[in-house]
Amino acid sequence: MQMITGSIVALITPMRPDGAVDYDGLRKLIDWHIEQGTNCIGAVGTTGESPTVTVEEHCEIIRVSVEQARGRVPIMAGCGANSTAEAIELAKYAKAVGADCQLHC
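Small disclaimer: the values here were computed from a predicted structure and weren't measured. (Residues numbered from 1 in each chain as written. Predicted model: local features only at pLDDT ≥ 70, side-chain atom pairs only at ≥ 80, totals over all residues. Heavy atoms only, no water.)

Concerning the side chain of glutamine 68
Locating glutamine 68 in the fold gives a position in helix H2 (residues 55-69). A distance of 2.9 Å separates the side chain of glutamine 68 from the side chain of aspartate 31, its partner in a polar contact. Among residues more than four places away in sequence, those in contact with glutamine 68 are Arg27, Ile30 and Asp31. (Helix = DSSP H or I, 4+ residues; strand = E, 2+ residues; numbered from the N terminus. Polar contact = N/O pair within 3.5 Å; in protein donor to acceptor, adjacent residues only side chain to side chain. Contact = heavy atoms within 4.5 Å.)

Overview of helix H3 (residues 84-96)
Residues that lie three or four places apart on an α-helix share one face, since the helix turns once every 3.6 residues. Over its 13 residues, H3 extends 18 Å from the first C-alpha to the last, a length consistent with the 18 Å expected when each residue adds 1.5 Å. Listed in full, the buried residues belonging to H3 are Ala87, Leu90, Ala91 and Ala94. The buried side chains of H3 occupy one side of the element, clustering within an arc of 100° when seen end-on. Residues Ala85, Lys92 and Ala96 are exposed on H3 and point more than 90 degrees away from its buried face. At its buried positions, H3 is contacted by H2, strand S3 (75-78) and strand S4 (101-103). Measuring from the backbone nitrogen of alanine 85 back to the side-chain oxygen at the start of H3 gives 3.3 Å, which picks out serine 83 as the cap. Looking one or two residues beyond H3, the residue adopting positive phi is glycine 98, at roughly 100°. (Expected span 1.5 Å × (residues − 1). Buried < 20%, exposed > 50% of the residue type's maximum accessible area, 1.4 Å probe, protein only. Arc of directions from axis to C-beta.)

Observations regarding the confidence of the model for the protein chain
It should be kept in mind that the predicted coordinates are not to be read in detail where pLDDT is low. Of the residues in the protein chain, 98% reach a pLDDT of 70 or more, and the chain-wide mean stands at 94. Mean pLDDT in the protein chain bottoms out at S4, which sits at 94, and peaks at helix H1 (residues 23-35), which reaches 98. (pLDDT = per-residue confidence, 0-100.)

What to know about unusual backbone geometry
Residue valine 44 is not a glycine yet carries a positive backbone phi of 60°. Of the residues examined, valine 44 reaches a relative accessible area of 1% and is grouped as buried. In the Ramachandran plot, arginine 70 falls in the positive-phi region, its phi being about 50° despite a non-glycine side chain. By secondary structure assignment, the location of arginine 70 is in the loop between H2 and S3.

Written out as structure tokens, the structure reads:
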């Protein structure tokens, strides 16, 4: 892994009015940031609603972010949690789905 330099965005997670994650909006937002020259995308940090989504949603946001970036920019997966065991599981999951690095906060 090379050192990440440049603009790293703390990506928000788009939500629908009913509180569900807007995965189509997430994909569009990732594409927009890449088109605008963002060098790395931080997904599901505290700005990305990690305290308010379920563990399943958290994992799916990481997976969709990696899938949508398609290697064009690194994905820094937010893996912080209130439980150490949960943070470890999120970190393992992020690595398994191809996140380039992790943020634990």
